[in-house]
Amino acid sequence: MIVSLEHVFKYYGADCILRDVNAAINEKDRIGLVGANGEGKTTLLNLLCGLLQPDSGSITGLEDRRFAFVFQEDRLIPSLSARDNVGLVLDREHQELAARYLSDLGLAGWENALPQELSGGMQRRVAIARAFAYGEQCGQDTVYLLDEPLKGLDEETAIHTLRLIRRWVAGRLAFFITHDREQARQIADWIIT
């Protein structure tokens, strides 16, 4: 299956954020999106998953797909523990994925902590765990949309997390936004700048 973007335009008021975007993406490609702030990278992810619609042009090949999204903001619910924030997107049969992904991300022992009891980097890893647990639950057809997933992580934690993400998205369609070209090179089959 090919994901096709044909003559995609997106405006915010009079400002053209995406101008005549065209691409043919294979089903298992990992795409790195690298660029300065305000160039439309996040807007593109939002278009791919249907949170936004193009003002003109079309995006095809993603119909009936599920999306596992790591947003720029962690979007954790303050009154829920780390485990419950991950488990919120899981059905009953897949709740064990929450503990497994939290553990893989170095958060074993913190499952019952509330977001305000966690550092910013720990909160970020809870958000990553949530997306990947949901993606595993949904199966092989999941599309991963990762908007600066390593933001706020110290160097050692970022390296470990990047290795995990690279393993978890192997053979899956994934879009990875970063300002770091080296991170993009380590994940992506090809990079759009």
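Everything numeric in this text was worked out from a predicted model, so none of it was measured.

A. Examining the state of the cysteines more closely. A complete count under the given rule lists zero disulfides for this structure. Between Cys49, a cysteine without a disulfide, and Cys138, which holds the nearest cysteine sulfur, the sulfur-to-sulfur distance is 13 Å.

B. How the structure looks around the pairing of strand 7 (residues 174-178). Of all five residues that make up strand 7, five are buried, and the element is covered over most of its length. By the alternation rule, side chains of strand 7 split into Ala174, Phe176 and Thr178 and Phe175 and Ile177, which are all buried. Strand direction decides the pairing type here: strand 3 (residues 30-34) and strand 7, joined by five bridges, are parallel. By the bridge assignment for strand 7, Val34 is matched with Thr178. Here strand 6 (residues 143-147) pairs with strand 7 via four bridges, running parallel. Note that in strand 7 the partner of Tyr144 across the bridge is Ala174. Read as a crossover between parallel neighbours, the route from strand 6 over helix 5 (residues 155-168) to strand 7 is right-handed.

C. Region of the structure containing the pattern of salt bridges. What the rule picks out here adds up to six salt bridges. Between Arg124 and Asp74 there is a salt bridge; the shortest N-O distance is 2.9 Å. Here Asp74 lies in the loop between strand 5 (67-70) and helix 2 (82-87) and Arg124 lies in helix 4 (residues 120-138), a separation of 50 residues in the sequence. Here Arg124 and Asp74 have matching classes, each one buried. A salt bridge links Arg100 to Glu136; its shortest N-O distance comes to 2.3 Å. One end of the pair, Arg100, is in helix 3 (residues 96-104); the other, Glu136, is in helix 4, and 36 residues separate them in sequence.

D. Representation of the sheet that holds strand 4 (residues 56-60) within the structure. Reading across the sheet, the three strands line up as 2-1-4 and stay open at both edges, with antiparallel pairing between neighbours. The open sheet has two edge strands, strand 2 (15-26) and strand 4, and neither has a second partner. For this sheet, the mean inter-axis angle between neighbouring strands, taken without regard to orientation, is 20 degrees. Pairing analysis gives four bridges linking strand 1 (residues 2-12) to strand 4, with the strands arranged antiparallel. Within the sheet, the bridge partner assigned to Leu5 lies in strand 4 and is Ile59.

E. Molecular detail of the packing of helix 4 against helix 5. Running from N to C, helix 4 and helix 5 point in directions that differ by 5 degrees, and their axes come no closer than 12 Å. Taken together, the axis directions place helix 4 and helix 5 in an arrangement best described as roughly parallel. Residues Arg125, Ile128 and Phe132 of helix 4 pack against Thr157, Thr161, Ile165 and Trp168 of helix 5. In terms of residue class, the contact of helix 4 with helix 5 is made up of four nonpolar, two polar and one charged.

About the criteria used
Residues numbered from 1 in each chain as written. Predicted model: local features only at pLDDT ≥ 70, side-chain atom pairs only at ≥ 80, totals over all residues. Heavy atoms only, no water. Disulfide = S-S within 2.5 Å. Buried < 20%, exposed > 50% of the residue type's maximum accessible area, 1.4 Å probe, protein only. Helix = DSSP H or I, 4+ residues; strand = E, 2+ residues; numbered from the N terminus. Pairing = 2+ DSSP bridges. Right-handed = clockwise from strand over helix to strand, strands pointing away. Salt bridge = Lys/Arg side-chain N within 4 Å of Asp/Glu carboxyl O. Axes fitted to C-alpha atoms, helices over the stretch in contact; angles between N-to-C directions. Parallel < 35°, antiparallel > 145°, perpendicular 65-115°, else oblique. Contact = heavy atoms within 4.5 Å. Nonpolar A, V, L, I, M, F, W, Y, C, P; charged D, E, K, R; others polar.

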